[in-house]
Amino acid sequence: SYVHVGSKVRVYDEDLDEEEVYEITGSTEANAMENKISNESPVGKALLKHKVGDVVRVLAPDGEYKLYVREIS
């Protein structure tokens, strides 16, 4: 399955050497404290339409980094 609005995505960040779980939401439900990120944010936009095993390049204001998609639910 592919990442879409409503997906919970477990990713691995190589730079930080840690995993995070993000829930992709619409902009009105986004809440950083709950790891709910908007589909319009740099990370949310980058993750959309990817699948488990993909390496996703995120273009953020502070530079570019990679996230590894580990699980989608």
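Just so it is clear, the structure is predicted and the values come from calculations on it, not from any experiment.

*Asks:* Quick rundown of the overall build of the chain? Include the residues and the values.
*Replies:* Counting its regular elements, the chain contains one helix and five strands. Listing every helix and strand of the chain by position from the N terminus yields β-β-β-α-β-β. Computed over its C-alpha atoms, the radius of gyration of the chain comes to 11 Å, within 12% of the 11 Å expected for a compact globule of 73 residues. Here the chain, with 73 residues, has 33% of them falling under the buried criterion.

*Asks:* Which residues make up the pattern of salt bridges, and what are the values?
*Replies:* One pass over the structure, following the stated rule, counts six salt bridges. Of the charged contacts, one joins Glu-19 and Arg-70 as a salt bridge, the two residues approaching to 2.6 Å between their closest N and O atoms. Here Glu-19, found in strand β2 (residues 18-25), pairs with Arg-70, found in strand β5 (residues 63-72); they are 51 residues apart in sequence, far enough to count as distant. Look at Glu-19 and you get partly exposed, because its relative accessible area is 37%. With a shortest N-O distance of 3.4 Å, Lys-51 and Asp-54 are connected by a salt bridge. Lys-51 sits in the partly exposed class, given a relative accessible area of 39%. One salt-bridge network, in which partners are shared between bridges, spans Arg-10, Glu-19, Arg-70 and Glu-71.

*Asks:* I'd love a proper account of the packing of aromatic side chains, names of residues and values included.
*Replies:* Considering all chains together, one arrives at one aromatic pair under this definition. Look at Tyr-12 and Tyr-68: their rings are 6.1 Å apart centre to centre, the planes differ by 50 degrees, and that puts the pair in the tilted class. With Tyr-12 in strand β1 (residues 8-13) and Tyr-68 in strand β5, the pair connects residues that are 56 residues apart, well separated along the chain. Among the residues examined, Tyr-68 registers a relative accessible area of 22% and is labelled partly exposed.

What counts, and at which threshold
Residues numbered from 1 in each chain as written. Predicted model: local features only at pLDDT ≥ 70, side-chain atom pairs only at ≥ 80, totals over all residues. Heavy atoms only, no water. Helix = DSSP H or I, 4+ residues; strand = E, 2+ residues; numbered from the N terminus. Rg over C-alpha atoms; globule rule 2.2 N^0.38 Å. Buried < 20%, exposed > 50% of the residue type's maximum accessible area, 1.4 Å probe, protein only. Salt bridge = Lys/Arg side-chain N within 4 Å of Asp/Glu carboxyl O. Phe/Tyr/Trp six-rings, centres within 6.5 Å; stacked < 30°, edge-to-face > 60°.

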